[in-house]
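Summary of the model geometry
For reference, the chains in residue letters:
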Amino acid sequence: MDAFTYRDGELFAEGVALSDIAARFGTPTYVYSRAQIEARYRAYADALAGMPHLVCYAVKANSNLGVLNVLARLGAGFDIVSSGELERVLAAGGKAERIVFSGVGKSRDDMRRALEAGVHCFNVESRNELDRLQNVAAAMEVKAPVSLRVNPDVDAGTHPYIATGLKENKFGIAVDEAEAVYAHAATLPNLDVIGVDCHIGSQLTSLAPFLDALDRLLALIDRLAERGIPVRHLDLGGGLGVRYRDEQPPQPEDYIRAVRQRLGGRNLTLLLEPGRSIVANAGVLLTQVEYLKHTEHKDFAVIDAAMNDLIRPALYDAWMDVVPVQPHAGDERLYDLVGPICETGDFLARERNLVLAEGDLLAVRSAGAYGFVMSSNYNSRGRAAEVLVDGEQAFEVRRRETIEDLYAGESLLPQ
Ligand code: LLP
């Protein structure tokens, strides 16, 4: 489904005109569709029906409480990477026992808080982290459930900044060393070894790397069982890509069908950590044209959203579609869409054929994942509002930051 469609000559989010949202909440504003988030989550959950599973939505993709609450109501699990994400999930009504805790740099405080809350599993990324977790759990007189994040050394074929499963990446434990680290983990009295985990990268557009990684992990799981270290779950991480332009990523059902075939008769619970594929296309960034600036070399549209609001184009050279909210007749020109920030890298899109006038509203599509969450206050710009649309209604799920918010935590030197 696509929740963002034109009706009577203007772009809607479900049953709400984006121009109404701009009038009510201003711009720039992130707009999400509840129905589309739910449909994308269900694509995973339905394909996994009939086998033990847990879909742990990767909170980093979009951590707005309203969005997390929509998923919690569907019974989703969550993949977190910080204490902040843990508290967000709990505040949004998510269940601790459906949380997996990933990330290479868990602090002792992170571990204590997650043990207190009772998370489902720690995805441990190194031998030293295992030893730290053992110490923290022993001091609390509890057992920590663990899975080791194994780095299967497969090429995800994605942008180098978001590929994580190669041996030169900082993530996980090399597949060749994993058996020895599992043997060590099994000797630690306050750890309960329950799973094997991997995450090879993000925005993958073919199944082959996932299935290569899966084969390597299944071989490891079989070897561990022979050594008397049986695991109960296999966590394949996230990473399924979405369409930004003309990509043809596999759908969750294709992926899960292929995984289920390979699992054979093994008695394993399957965990997945999808982020982008649940929320990316369920959101847009709504922005307004401030100025049109025609120079000898280029036509610029200066818009009110900038790299601080959406950094993917500047950081990864990511291509994101930009469409008019109320298309109108006029001269089409080749525009660079740039923000008000004082950097040449401040663009959201380059060389787009558009008919524009000052004051026009634009929607940057596929901005529901790694959009607001990566925003900053650079140039002392308050962060955008976030609106969640549900049918005919629009709810402001995060208010726009005010100028006072910007320096609320700061102070002057004493006299
Ligand atoms: N699990 C782990 C351990 C991860 O590191 C990630 C993403 C995910 C799950 C979710 O992956 P997804 O299904 O969303 O691909 N900021 C970048 C993407 C960074 C992804 C980091 N890890 C971007 O804007 O493209």
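The name recorded for the protein in an unreviewed UniProt entry is Diaminopimelate decarboxylase, from Metapseudomonas boanensis. Its UniProt record gives the protein a comment under Catalytic activity (unreviewed entry), which states: "meso-2,6-diaminopimelate + H(+) = L-lysine + CO2". Looking at the Function (unreviewed entry) heading of the UniProt record, one finds this comment for the protein: "Specifically catalyzes the decarboxylation of meso-diaminopimelate (meso-DAP) to L-lysine."

Below, the discussion takes up the overall build of the protein. Within the protein, the regular secondary structure consists of 12 helices and 21 strands. Here the C-alpha atoms of the protein give a radius of gyration of 23 Å, agreeing with the 22 Å that 2.2 N^0.38 yields for 415 residues. Viewed in the frame of its principal axes, the protein has a C-alpha envelope of about 70 × 65 × 40 Å. For the protein, the proportion of its 415 residues judged to be buried stands at 47%. By sequence separation, contacts in the protein at least 24 residues apart represent 71% of the contacts at least 6 residues apart.

Quick look at the domain arrangement of the protein now. Here the protein is partitioned into domain 1 (4-32 + 280-406) and domain 2 (35-277). The C-alpha-based centres of domain 1 and domain 2 are spaced at 32 Å. Contact with domain 1, which involves 21 residues of that partner, is made by 20 residues of domain 2. Taken together, the elements giving at least two residues each to the side of domain 1 that touches domain 2 come down to strand 20 (385-390) and strand 21 (393-398). If one sorts the elements of the side of domain 1 that touches domain 2 by residue count, strand 21 sits on top with 3 residues. Class assignment for the residues of the side of domain 1 that touches domain 2 results in 14 nonpolar, 3 polar and 4 charged.

What follows deals with the sheet that holds strand 1 (residues 4-7). Think of a sheet as strands paired side by side through backbone hydrogen bonds, with each pair either parallel or antiparallel. In space, the 3 strands of this open sheet follow the order 1-2-3, with antiparallel pairing throughout. Where the open sheet ends on each side, the last strands, each with one partner, are strand 1 and strand 3 (16-17). Bridge count between strand 2 (residues 10-13) and strand 3: 2 bridges; the pairing is antiparallel. For Phe12, the partnering residue across the bridge sits in strand 3 and is Ala17.

Residues of strand 19 (residues 361-364) alternate between two faces, with Leu361 and Ala363 on one and Leu362 and Val364 on the opposite face, all of them buried. Bridge analysis of strand 14 (residues 283-294) against strand 19 gives 4 bridges, and the strand direction is antiparallel. Considered in strand 19, the bridge of Thr287 is made with Leu362. The pairing of strand 16 (residues 322-324) with strand 19 spans 3 bridges and is antiparallel. Across the sheet, Val322 pairs through a bridge with Val364, a residue of strand 19.

Calculation notes
- Residues numbered from 1 in each chain as written.
- Predicted model: local features only at pLDDT ≥ 70, side-chain atom pairs only at ≥ 80, totals over all residues.
- UniProt positions renumbered as here; feature names shortened; annotations may be inferred.
- Helix = DSSP H or I, 4+ residues; strand = E, 2+ residues; numbered from the N terminus.
- Rg over C-alpha atoms; globule rule 2.2 N^0.38 Å.
- Buried ≥ 20, exposed ≤ 12 C-beta atoms within 10 Å, placed from the backbone.
- Contact = placed C-beta atoms within 7 Å.
- Domains from an automatic or database assignment.
- Nonpolar A, V, L, I, M, F, W, Y, C, P; charged D, E, K, R; others polar.
- Pairing = 2+ DSSP bridges.

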